[in-house]
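One letter stands for each residue in the lines below.
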Amino acid sequence: MQTSQNLFEKSPEIKIIIDSRDYKITAVNKAARKVFKNLASGKKDKYLTDIFPPELSKKQLKIFDKNSSKKSFKINSLLLIGNNGTSYKMNAEVVKAKVKTKNFLEVRLDGSQEITSKINPKEELKSVRLKLKSIFENHPLMIFILDKNGLIKEVNPLGAKELGYKVNELFNQPVTKVFLMKDWKTVTDQIHECIDNPGKMFNWEIEKVKKNGDIIWVRENASTIESDGKASDLLIVCDNITKIKEAEKMISDSAVKVKQIFDASPFGVHVYDLNENHDLVFTAYNSAADKILGLDHSYLINKKLEEAFPSTSTTELPKLYRKIAQEGISFENQIIEYNEGHIKGVFDVSAIQIASGKVAVFFSDITEKRMAFDNLEKSELKFKSLFELANDSIFIMDHEIFIDCNEKTLEIFGCKKEDIIGKPPYEFSPEMQPDGKDSKIKALEKITAAFSGIPQRFEWKHKKFNGELFDAEVSLNRIKLGDDILIQAIVRDITERKRTEEQILMLAHALKSIYESVCITDMVDNIIFVNNSFCNSFGYSN
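These notes cover the structure that comes with them. (Residues numbered from 1 in each chain as written. Predicted model: local features only at pLDDT ≥ 70, side-chain atom pairs only at ≥ 80, totals over all residues. Heavy atoms only, no water.)

A few words now on the environment of Asp-189. Mapping Asp-189 onto the fold places it in helix α7 (residues 184-196). Under the relative-accessibility criterion, Asp-189 is labelled partly exposed at 37%. Separated by 54 residues in the primary sequence, Asp-189 and Lys-243 have C-alpha atoms spaced 27 Å apart. (Helix = DSSP H or I, 4+ residues; strand = E, 2+ residues; numbered from the N terminus. Buried < 20%, exposed > 50% of the residue type's maximum accessible area, 1.4 Å probe, protein only.)

The next point concerns the side chain of Gln-433. Inspection of the secondary structure puts Gln-433 in the loop between α15 (417-420) and α16 (439-451). Side-chain polar atoms of Gln-433 contact the side chain of Ser-439, separated by 3.0 Å. Not counting residues up to four positions away in its chain, the partners in contact with Gln-433 are Ser-439, Lys-442, Trp-460 and Lys-461. (Polar contact = N/O pair within 3.5 Å; in protein donor to acceptor, adjacent residues only side chain to side chain. Contact = heavy atoms within 4.5 Å.)

With that out of the way, let us pick up the sheet that holds strand β5 (residues 102-110). Paired through backbone hydrogen bonds, the strands of a sheet run either parallel or antiparallel to each other. The antiparallel open sheet is built from 5 strands, whose spatial order is β2-β1-β5-β4-β3. The outermost strands of the open sheet, each flanked by one partner alone, are β2 (25-28) and β3 (72-81). Strand-to-strand, the axes of this sheet are offset by a mean angle of 30 degrees, without reference to chain direction. In terms of strand pairing, strand β1 (residues 14-19) meets β5 through 6 bridges, oriented antiparallel. Note on β5: the bridge partner recorded for Ile-17 is Glu-106. Helix α3 (residues 57-67) contacts β1, β3, β4 (87-99) and β5 of the sheet and is inclined by roughly 170 degrees relative to β3. (Pairing = 2+ DSSP bridges. Axes fitted to C-alpha atoms, helices over the stretch in contact; angles between N-to-C directions.)

If you trace the 5 strands from one edge of the open sheet to the other, you get β12-β11-β15-β14-β13, paired in antiparallel fashion. Each of the sheet's edge strands pairs with one partner strand only, and the pair in question is β12 (280-285) and β13 (331-340). Strand-to-strand twist of the sheet, defined as the mean angle between neighbouring strand axes without regard to direction, takes the value 35 degrees. Sheet analysis places β13 next to strand β14 (residues 343-355), joined by 8 bridges and oriented antiparallel. Bridge pairing links Ile-335 to Asp-348 in β14. Contacts from helix α11 (residues 317-327) reach β11 (268-274), β12, β13, β14 and β15 (358-365) within the one sheet, and its direction differs from that of β14 by about 20 degrees.

Here is the structure:
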């Protein structure tokens, strides 16, 4: 038994399925493809208007729009364009169908009223010429047509506008008019080479000069084209690449600066290139790398990472470096222990992508620092002392909840530890901040940002346990304690500082506003301040 799809495909009737929303053609059967071969290609989307004559497209589409709400309708004498420009007049029977949530229209065409008539060759040629003229005039790139002597025969509006001219200002002018004098010979030679090699495509990059004297860089593609049958003209298509050139210069300048930074850096630097086999090849280093590792790196150039530093093959470093070289991610301050030959120690390692497929690794020997840190880490008492004796309020937060604080916190907020542990910071804040924002919403925004790894530093209006408000400077940083990611909050009471700043501003305003003349000098009699009365009295301006 044949499926509905087979019946549709093998039907002798011409059948076309279209989306009722935009008239996009979703399926055609064999009979339809025979008449409309352009519908057989799957390279791009096809629409019902693709088989309508351009001049009747809107008119015939309106008939479909008008009847789209009906379950079925008929259209007589629908004019269609088939193979090789052949014109057909057919009757159409349209039936609405719904598949899942989409509405489709099945268009059945009756070919019995087919009227074949070829499009007039002259009309077709005229149409082609109009299209070419439209392409020329509306092309987004600069287009010049020159004769064999380099005179401008045609230029598109954008080409003239890009150079600051009107089209008629360039007509019959030598093309060297839009080039620097130093390049005139080069331009003339290029024109002759193109004319002497008809049909061959040439391209180059060169500077052009605008009417106002500004310089732009262009990439030109040039080839001969047939003109009047007697001589060839030269077609040149130009793309403004000034921005690209500027970017290339910036990259080049940056590369020089990066090399200078690498060479002067106290950190060791290794550079690896990712080759086509996905091998990381050692390509560069700085003098600090020799000093830190105590070896001559010149012997490692062009070696694979695993050959240059064998112990890395048992770690995740090669995989991580490849990912950085390919994707542009980075990592910072990873602690790596290395023990291979005479290279032994603990290193602080960071890596970044410096170009596509290129990774730079920065490292320093922190063996001694690590030993000192380990000793400090073992001494919980020392850490606790630093925490408790700090002159600022220090909180440890799990998301937005306080889980620990130091003694200074209890002093600043005027409370006991049990009054603050287990509560969020916005409970120790007024309902609104001075900028009019809700304290809870704003606090959660800051905490979320810090938790995502973005340090936060800001001024905040806090509230003591007794309800008294005070100004504070707050910093939030993400920290890792064991396996937990927490937030460390440092709160500094700046009420006195703010009051002092306000007094200074008030005094400064008073000095400026009093009627007595005031002049303040430094120790060597340089005037550093005068008030308005002084300026008015002696005829000076500030």
